[in-house]
Structures are given as structure tokens and as C-alpha cells.
Amino acid sequence: MSNFNVAYVPIGVPTFHLESAQIEFNKSIELLSSVTDNLTVPEEMLLSIDKLKSFLENVNPDLIVLQNITFANSAYTAEVLRKFSCPILLWTLREPVIDGGRLRLNSLTGAYSAANTIKQFRNEPLQYVFGSTEEEEVKAQIKAIIRAGAMKKELRCLNIACVGHTPQGFGFGRALDNELLKTFGTNLISIEARELIEAAKSYTDEEIEQYLVDAQSRTSGLENTPEKNKKDFARLYKAYDEFVKTNNIGALSSRCWPDFFTSFGTPVCTVLAMLNDLGVSASCEADTYGALSMYIGQRLSGVPAFFGDPVSLDEKENTITFWHCGTAACSLAREDTGAQIGVHCNRKIGPTMEFGCKPCEKVTVFRIGKNANGDFRMFLCSGSALDKPKQFNGTSLVVKTESNAERIIKSSIKAGFEPHFAVIYADVKSELIALGEMLGIEICEY
């Protein structure tokens with residue numbers, strides 16, 4: 001997200017207390033510089049339309065931080081809107097002194113003027129922060145919105161791949177290229193599973209040796225997998241890795257059953273786990289929206305996201321267990337067990353991943369899905385990943401939710417959410433809310 005350009009636009013008029021305004025101007029630059037490396041600032045406060053125009057002529061922002069350094073009428077905001085279509089964060093400063101004397105800034109009234117104009121030009125929710133430069137919550141909010149804006153831009157550069165079709169009855173994960181492009185700016189690349197299977201079959205033992213070595217360095221127990229399955233896994237690993245690199249893929253959803261069991265004889269689960277470890281967000285059952293959810297989570301947190309079904313509710317513990325057959329990134333495994341290799345829980349063919357996931361003080365459960373009308377929406381809830389061993393064959397993660405777990409389960413089922421979720425190893429709820437607003441997606445917060 002290093003190529004995301006932020007422009008600081010402090011607007012005002014010279015009839016207010018300019019000494020106070022100058023102090024806030026300097027502090028605002030200091031705060032913004034601490035949360036982004038790509039900041040463009042004016043040499044002085046923009047206290048006239050002419051100065052504003054001159055500054056705007058020389059910037060190319062991905063996001064504008066529009067701040068009423070003092071009160072400014074709507075003409076200032078209209079000038080910004082006329083020139084740029086990028087997201088705008090409106091920041092109101094707290095009045096620095098209340099002593100019965102002069103009104104120093106009148107930033108809040110200026111915010112009403114700016115917001116009134118912005119809402120007449122734009123339909124999406126307004127990104128807005130109120131508070132002084134010294135407040136940690138203000139800094140956190142601004143940072144989250146900037147990160148959300150950067151994530152929105154990054155999605156426009158994303159190639160997401162779908163390998164094969166969703167199985168019968170799993171159509172909720174099936175994506176259309178134009179829908180992804182229209183809402184997220186993301187490019188969908190499709191390939192049949194048989195094409196990668198055929199590529200895998202063509203590799204010699206010598207060509208797959210490095211993939212076996214890599215997998216063995218990340219896992220334990222691969223040596224117990226039958227030789228044919230072990231080598232066929234490495235062949236699949238090479239086929240997927242080369243496809244990903246050739247097509248600059250950032251996220252991938254893959255068909256898994258029944259083809260890889262019946263047509264190839266070896267599951268793709270551990271291949272997807274390897275990709276997740278390498279930073280390519282990979283979901284199974286061809287759930288493209290699941291892979292997209294994982295990608296966003298991985299980019300915001302810096303670590304792979306867990307992909308799974310909610311399979312168990314414990315009302316007394318206030319926990320929800322998320323599980324899947326064995327595609328979790330090796331780096332998510334508990335330290336006491338490591339990333340163990342086993343066999344598929346239903347098909348009894350390996351290799352698949354077998355472990356409970358490591359604990360984390362703050363996690364975010366997230367899903368991009370669709371409502372009954374076919375419109376995109378986001379599922380969001382916060383919690384912590386508990387220090388729990390593997391709950392079922394495959395990979396599992398137990399989340400203690402901040403709000404009532406039973407209510408989350410019942411409400412999300414009644415709302416018709418899909419059965420796949422990404423568990424993100426970080427508290428990125430604020431970023432995801434801002435991102436949803438920027439994309440015009442309904443946000444369902446639990």
C-alpha cells in the first residue's frame with residue numbers, strides 16, 4: 001500500500017485567529033506524517049480560493065484529507081469536488097480554547113458547510129473525523145480511513161483467479177467478472193481445474209523436488225504420506241505456483257472435491273495452504289468471494305487469514321468454532337504442534353493440514369457476500385482467537401466474540417449469510433467499515 005498518495009487540504013479564511021490555526025496546521029501535518037509515508041502538504045494554510053486552486057493544480061491524490069483549519073464557505077469544498085473524484089476524509093478540529101472570548105477557529109461550522117456540499121455531489125457515506133491532533137482516537141480513525149482508501153485502490157490492481165466451478169449447491173461463492181470489476185475494480189481470471197491437473201501430470205520427479213523440500217520445511221508428517229500422493233501433491237503445488245506467478249494472481253479460489261479425489265487421486269488442500277503461506281489468499285470449494293475476503297484481511301493484517309465454516313457454538317463460553325478440511329496457512333498453526341499433515345476427514349486421502357490455530361488477542365470475522373437481492377454486503381464481528389487445540393479433523397479456530405455469540409449465529413443465519421468466513425488475525429473492523437462505505441456496500445456489524 002506504499003503507492004497511496006494522501007493530500008492534506010487545510011481550508012479557511014484569514015479573519016479568524018491565525019496563531020491558533022497555525023499551531024493546528026503544524027500539528028496536523030505531524031499527525032498525518034506519522035500515519036502515511038506519501039503525504040503532500042501545502043507550504044501554508046489555504047486561506048483563499050486562489051491559494052486552494054494553486055495547491056490543487058500540483059497534486060494527484062488517492063485520498064484528500066479536507067480540514068477546516070478555520071471556517072470556510074462551501075465554495076472551497078466545491079473547488080475540491082470539481083477537480084477530484086477520489087475519496088475525501090473530512091476532519092473537523094476541536095475548538096482549542098473556550099474562555100468566553102473570541103471564537104478561534106469555528107472549524108465545526110465549516111464542517112457543516114463542507115459536508116452539505118459533499119453530500120449533494122456524492123452518494124457514498126461521508127468519511128468524517130472530529131477531534132484535536134492530540135487525541136489518540138483521532139489518529140486511529142484517520143489511520144484506519146487512509147488504510148481503507150489504500151485497500152480500495154489496491155483492489156483495482158488485483159487479479160483474482162477461480163480454478164474450476166463451485167460444486168453443486170455451493171453457488172454462493174460463484175463470482176461474475178463484471179460484478180467484481182464494477183464494485184471492487186478487481187479482475188477475475190478463470191481456468192478449468194483439469195488444466196492445472198493436466199499440467200501437474202506432466203512434471204518429472206526432478207521438476208517437483210524443490211516443492212517437496214519447501215513443503216517439508218513448513219510442515220511435519222509429510223513423510224508419512226504415501227509416495228504417490230506426496231509426489232502428486234508436489235506436482236499440483238508446482239502447477240498452481242506457476243499459474244499464480246505467470247498471471248500475477250493475488251487471490252485464488254479453487255474447486256477441490258470431487259475432482260481432485262476422483263480425477264487426480266490427491267487433494268488440493270495442502271497446495272492451498274502453501275499458497276496462503278506465500279501471501280496468495282486461497283480458498284477452497286471455488287468460493288471467490290471467500291478468497292476476496294481473505295485477501296483484504298491478509299493485506300490489512302499482514303498475515304494469512306483463516307478460511308472456514310462456523311461449525312460449533314458454545315453459549316457458556318461465548319465462542320464460535322470455525323473449521324475446514326485442511327487449507328489453513330502453516331504459519332497459523334499452534335506452536336506446540338506446528339503444521340501437521342494428515343488425511344482428508346471424509347475421503348481419507350492426503351495430504352491435508354491438521355492443526356488447531358494459534359491464539360490472537362484481537363481478530364475480526366469477515367465475509368463479503370450478497371443479500372437476497374444480489375447486492376454486495378459485508379459481515380463483521382470482533383473477538384479473540386482462543387488458545388485451543390484442534391477441535392476436529394482438519395484445521396480449526398475458536399473465536400470468543402465480543403458480542404453475544406448465540407445472537408450472532410441466530411441473526412446471521414436469519415439474515416441468510418453464506419457458510420464461509422475469513423477470520424483475520426488483527427482488529428481491522430474500522431478499516432473494513434470505511435472500506436465498505438467507500439465501495440458502497442452494506443455493512444452488517446454483529
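Heads up: these notes are all about the structure in this document.

1. Focus on a nonpolar patch on the surface
A cluster of nonpolar side chains, contributed by Leu-108, Tyr-112, Tyr-128 and Phe-130, occupies part of the molecular surface with about 410 Å² of accessible area. Position of Phe-130 among the secondary structure elements: in strand S5 (residues 127–130).

2. Some thoughts on the packing of aromatic side chains
For the structure on display, the rule yields 13 aromatic pairs. With a centroid separation of 5.4 Å and an interplanar angle of 75 degrees, the aromatic rings of Tyr-289 and Phe-376 are classed as edge-to-face. Residue Tyr-289 is found in helix H12 (residues 288–301), and its partner Phe-376 is found in strand S15 (residues 376–385); the two are separated by 87 residues along the sequence. An identical accessibility class is assigned to Tyr-289 and Phe-376; each is buried. Linked through ring pairs, Phe-322, Phe-379, Phe-417, Phe-421 and Tyr-446 together constitute an aromatic cluster. Positioned above the aromatic ring of Phe-376, the side-chain terminus of Lys-370 is 5.1 Å from the ring centre. The side chain of Arg-377 reaches across the aromatic face of Phe-417, ending 3.8 Å from its centre.

3. Considerations on the sheet that holds S5
The strand order across the open sheet formed by 5 strands is S2-S1-S3-S4-S5, and the pairing between neighbours is parallel. Two strands in the sheet have a free side with no partner beyond their single neighbour: strand S2 (39–40) and S5. Across the sheet, helix H1 (residues 18–35) touches strand S1 (6–11), S2, strand S3 (63–68) and strand S4 (88–92), and the angle it forms with S1 is around 165 degrees. In the packing of helix H4 (residues 107–121) onto the sheet, the strands contacted are S3, S4 and S5, and the crossing angle to S4 comes to about 160 degrees.

4. Some words on the pattern of salt bridges
Applying the stated criterion to the full structure yields 32 salt bridges. A salt bridge links Arg-334 to Asp-336, with the nearest nitrogen and oxygen atoms 2.8 Å apart. Between Asp-387 and Arg-334 there is a salt bridge whose closest N-O contact spans 2.4 Å. Note that Asp-387 is positioned in the loop between S15 and strand S16 (395–401) and Arg-334 in the loop between strand S11 (319–324) and strand S12 (340–342), a separation of 53 residues in sequence. By relative accessible area, Asp-387 is classed as exposed at 55%. Exposure remark for Arg-334: the relative accessible area of 11% places this residue in the buried category. When salt bridges with common partners are traced through the structure, they connect Asp-205, Glu-227, Lys-228, Lys-230, Lys-231, Asp-232 and Arg-235 into a single cluster.

5. Here we look at the side chain of Asn-371
Mapped onto the elements, Asn-371 comes out in the loop between strand S14 (360–370) and S15. Residue class for Asn-371 comes out buried when judged on its relative accessible area of 19%. A polar contact is formed between the side chain of Asn-371 and the backbone nitrogen of Asn-373, at a distance of 2.9 Å. Excluding residues within four positions of it along the chain, Asn-371 makes contact with Arg-377 and Glu-442.

6. Section: the sheet that holds strand S7 (residues 187–191)
On the basis of which strands lie adjacent, the open sheet formed by 4 strands has the order S7-S6-S8-S9 and parallel pairing. Only two strands of the sheet have a single neighbouring strand rather than two, namely S7 and strand S9 (281–283). Neighbouring strand axes in the sheet, compared pairwise and without regard to direction, differ in orientation by 15 degrees on average. Two strands pair when backbone bridges link them, and strand S6 (residues 159–163) and strand S8 (residues 251–254) are joined in this way by 4 bridges, in the parallel orientation. Within S8, the residue paired with Cys-162 across the bridge is Ser-253. Across the sheet, helix H9 (residues 227–246) lies against S6, S7 and S8, angled at about 140 degrees from S8, the strand it touches most.

Rules used in this analysis
Residues numbered from 1 in each chain as written. Predicted model: local features only at pLDDT ≥ 70, side-chain atom pairs only at ≥ 80, totals over all residues. Heavy atoms only, no water. Patch = residues over 30% accessible without salt bridge, like charges linked within 9 Å, V, L, I, M, F, W, Y side chains within 5 Å. Areas by Shrake-Rupley, 256 points an atom, 1.4 Å probe, with all protein chains shown as cover. Salt bridge = Lys/Arg side-chain N within 4 Å of Asp/Glu carboxyl O. Helix = DSSP H or I, 4+ residues; strand = E, 2+ residues; numbered from the N terminus. Phe/Tyr/Trp six-rings, centres within 6.5 Å; stacked < 30°, edge-to-face > 60°. Buried < 20%, exposed > 50% of the residue type's maximum accessible area, 1.4 Å probe, protein only. Lys NZ or Arg CZ within 6 Å of the ring centre and 35° of its normal. Pairing = 2+ DSSP bridges. Contact = heavy atoms within 4.5 Å. Axes fitted to C-alpha atoms, helices over the stretch in contact; angles between N-to-C directions. Polar contact = N/O pair within 3.5 Å; in protein donor to acceptor, adjacent residues only side chain to side chain.

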